[in-house]
Every structure is written in structure tokens, then in C-alpha cells.
Amino acid sequence: MTDYASNISATDAAAWLADAASVAITTHFKPDGDAVGSSLALARTLRHLDPDRPVELWYAGALPDFLAEIASGTPLRHLDTTPPTEADDPAAFVIVDTGSWSQLGFVREFATGRSDRTLIVDHHLRGDAEIADRRIVETTAPAAAQIVAGICSELLAVPPKQLPVDVATPLYLGIATDTGWFRHSNTTPTMFRLVADLLEAGVSSADLFRLIEQRDRVSRLRLFGRALSKLEMHADNSIALVMLDAQDFKESHGTSGDTGGFADRMLAVESVQVAVVLTESTDHTGAPITKISFRSKPGPDEIDVNQVAGTLGGGGHARAAGARLHKTLTETRDAVLTALAEA
Ligand SMILES: [Mn+2]
């Protein structure tokens, strides 16, 4: 088993890409800001270098709301409707912001047997090294976009502060979103220096912030209001829990996708160690099914919600996890509180 670690440098990767007759770039299922930013910046850099060379940008799963604006002018291919075929045979296949089969199911068949023409650029701890013979894996990089910035600079032979603004902007997006707008513990001096360079290249941070973070729907705010009106505090105010039922969604005109970020907002309360959002719906037989979303706070009293979710048949990460139970909201609430009490 090969280690999931770097085996080439950004300079090597740039030299290999510069020579490739055609390139396809993809990223994880349901691309986020870093996935979109990293892939888009690389695609645009390759187009700047040689407008005639075929470069495709492949995405799969639900796409972020901001994609149309951020990727404006750069063609995208959505693999859900246009999957890879025999005719697709790029000389270089680049995967950014992941290196895990679990997040790349949509290209499993395509990528299999193609490792000699594949490059992974990632910052995650774990991945499947056999996917790509060429790998740059920097786990200290707060975003894949930071690593991609180095490759773009090499390709265009300019320092980051001289990158074209249509490249610098998606790079900034990737770093900003993966660090919670430069607040999380993954920020580093190297990152801040790069971010300063990207601002010098012409990125408008305020415009990006508005585009990415200030585009909520009224329905989402109303749904959050309904959730907060039913806020429950447990275990000496260390657990904040809200429950949303079908009526909440109906009256707010919200959808189940509208609850993202609710738990993080509840973590803003000092005493709260774990925030829980429960959402009830029904399965195909009409029986209740409740989705659980956990978020927890780092620190001395930190709770591993991956472990808690595991006891309920779910999983995720230490600070963000989830599960689904075939139970009503209140039954699920009781199960969650029991599982947290035993954590
Ligand atoms: Mn990332």
C-alpha cells in the first residue's frame, strides 16, 4: 500500500501540465468553495497559457449557489448529466481537494487504470494513493487552493501577486471558505502572505464575501427563526438542540437544504459544547425519519461527535457528524441526549 503523501513538487506538476496535450480537472462530489476555487483557478491558468489546448472542468453532485457568478466565462461539464465516455481521454487528469474514492465515485470507472496520467493535489490527511502516480499532498495547507496557487505561479512564471485576477479570485475563494474567512485554527503565516499577494493581484474580498456569504434566502432566515423559537438547552447549557418538522418547512417555505450553518450559529453561545439540529421527514412508506446534524467546539471539554454519531449508526468528523434514525423528532431527541450523556 502506497503512502498518501507527496511524491512530486509544484514545479514538477507545472512542467507536466504545461506539456499535456489535453487536460480534465475534477474535484470531490458536491464541490465546496475550495473545490471550485482550486479547480477553476487551474483551468483558467491553463487557458491563459494556451487558449487552444482542450481543458475541461468536471463537477458532480449538487453545485454551490455562487458557482454561476464565480465561474462566469469558463465552461463547466456536469457529470451527473454528461458522464465521462470512451471518447474522453485527456492526456492529464487532475483531481483537486480530495484523493479518496469515497468522494470520487462518479469517476471511479474513468480513473481506474489511468493512474499514470493522473495528478492529485490535496490537503487532506487520508486518501487513496493508487488513484494517481503523481501526488502533491500538503496537510498543513489550509486549502487545496494554496497548493494550486503555487502550480499556477509556476505555469505562468509570475509570483502570486501578479496572477491574473480571474485566477487569483477563485484561489482566494478556496482559502477564505476553507478557513471560515481566515478565523479557523488551520490559518498560517504562509496563508496570510499568499492571501495578501492575491489581494495585490486585484481580488476584491468584500465583493467575494457578499457573493458567497451574503446571499441567503428569506425562507432560510425564517426557518432559522422557527428553529430558534424552539431552542432547547440541556446538560447545564452545554447542549443546544433544535427540532424542525414538516410544518416549520411549510410555513417558512424552506427546504431541508436550508438548515446548513444552523448548528454553527448555535455554537456561538459560550457554554455550548455541542449543537444538534434535528429534521423530521418521512420515508417512502410514510414512516417518520429524523436526520441528526451534530457540531462540536474544540477545546479541553471537546466532544467527539463522530463517535457519538457512530453509536446512532452515523458518522463524520470529530467536530461535524450526522446520522438518520427511523424515529420521530422527540424519540430521536431522547436517543441523542442519551448518546451524548454516555459520550
Ligand atoms: Mn479543501
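Values in this document were obtained by computation on a predicted structure and should not be read as measured data.

Two numbers describe how helix α2 (residues 33-49) lies on helix α5 (residues 144-156): the axes approach to 9 Å, and their chain directions differ by 5°. Relative to α5, the element α2 is oriented roughly parallel. Residues D34, G37, S38, A41, L42, T45, H48 and L49 of α2 touch α5, and the partners they reach there are A144, A145, V148, I151, C152, L155 and L156. Looking at the contact of α2 with α5 residue by residue, the classes come out as 10 nonpolar, 4 polar and 1 charged.

Next up on the list: the sheet that holds strand β7 (residues 232-234). Strand order in the open sheet made by the 6 strands is β7-β8-β9-β10-β12-β11, with mixed pairing throughout. Looking at strand neighbours, the two that pair on one side only are β7 and β11 (315-316), the edges of this open sheet. By the bridge criterion, 9 bridges tie strand β9 (residues 274-282) to strand β10 (residues 288-296) in an arrangement that is antiparallel. Bridged to L278 within β10 is I292.

A word on the pairing of β10. The turn joining β9 and β10, which pair antiparallel and follow one another in sequence, is formed by 5 residues; a positive phi near 90° is taken by G286. The pairing of β10 with strand β12 (residues 320-325) spans 6 bridges and is antiparallel. Paired with R295 across the two strands is A320, which belongs to β12.

Below, the discussion takes up the sheet that holds strand β6 (residues 134-137). The strand order across the open sheet built from 6 strands is β3-β2-β1-β4-β5-β6, with neighbouring strands paired in parallel fashion. A strand with exactly one partner marks an edge of an open sheet, and here the two such strands are β3 (77-78) and β6. Judged from the 4 bridges that link them, strand β1 (residues 23-27) and strand β2 (residues 55-59) form a sheet pairing that is parallel. Residue pairing across strands places T26 opposite W58, the latter belonging to β2. Packed on one face of the sheet, α5 meets β4 (92-96), β5 (118-122) and β6 and runs near 125° to β5.

Turning next to the domain arrangement of the protein. Partitioning the protein into structural domains gives domain 1 (10-213) and domain 2 (218-341). The gap between the C-alpha centroids of domain 1 and domain 2 is 32 Å.

Positive phi, normally seen in glycine, also occurs at K30, with a value near 55°. As for its placement among the helices and strands, K30 is situated in the loop between β1 and α2. Given 13 C-beta atoms within 10 Å, K30 falls into the partly exposed group. At H253, a position not held by glycine, the phi torsion is positive, near 60°. Along the chain, H253 turns up in the loop between α10 (246-252) and α11 (262-266).

Another point: helix α9 (residues 218-229). In this model α9 runs 17 Å from its N-terminal to its C-terminal C-alpha over 12 residues, within 8% of the 16 Å that 1.5 Å per residue would give. Elements in contact with the buried residues of α9: β8 (239-244), α10 and α11.

Grouped together as the largest cluster of nonpolar side chains are 63 residues, with contacts concentrated most on L42, V94, V148, L171 and Y172. Top element by residues in this core is α5. It accounts for 8 residues. Those residues in contact with L171 that lie beyond four places of it in its chain are G37, A41, A145, V148, A149 and L198. If you look at the next biggest cluster of nonpolar residues, it comprises 28 residues, including A263, M266, V274 and A309.

Parameters and conventions
- Residues numbered from 1 in each chain as written.
- Predicted model: local features only at pLDDT ≥ 70, side-chain atom pairs only at ≥ 80, totals over all residues.
- Axes fitted to C-alpha atoms, helices over the stretch in contact; angles between N-to-C directions.
- Helix = DSSP H or I, 4+ residues; strand = E, 2+ residues; numbered from the N terminus.
- Parallel < 35°, antiparallel > 145°, perpendicular 65-115°, else oblique.
- Contact = placed C-beta atoms within 7 Å.
- Nonpolar A, V, L, I, M, F, W, Y, C, P; charged D, E, K, R; others polar.
- Pairing = 2+ DSSP bridges.
- Domains from an automatic or database assignment.
- Buried ≥ 20, exposed ≤ 12 C-beta atoms within 10 Å, placed from the backbone.
- Expected span 1.5 Å × (residues − 1).
- Core = buried A, V, L, I, M, F, W, Y, C linked by C-beta atoms within 7 Å.

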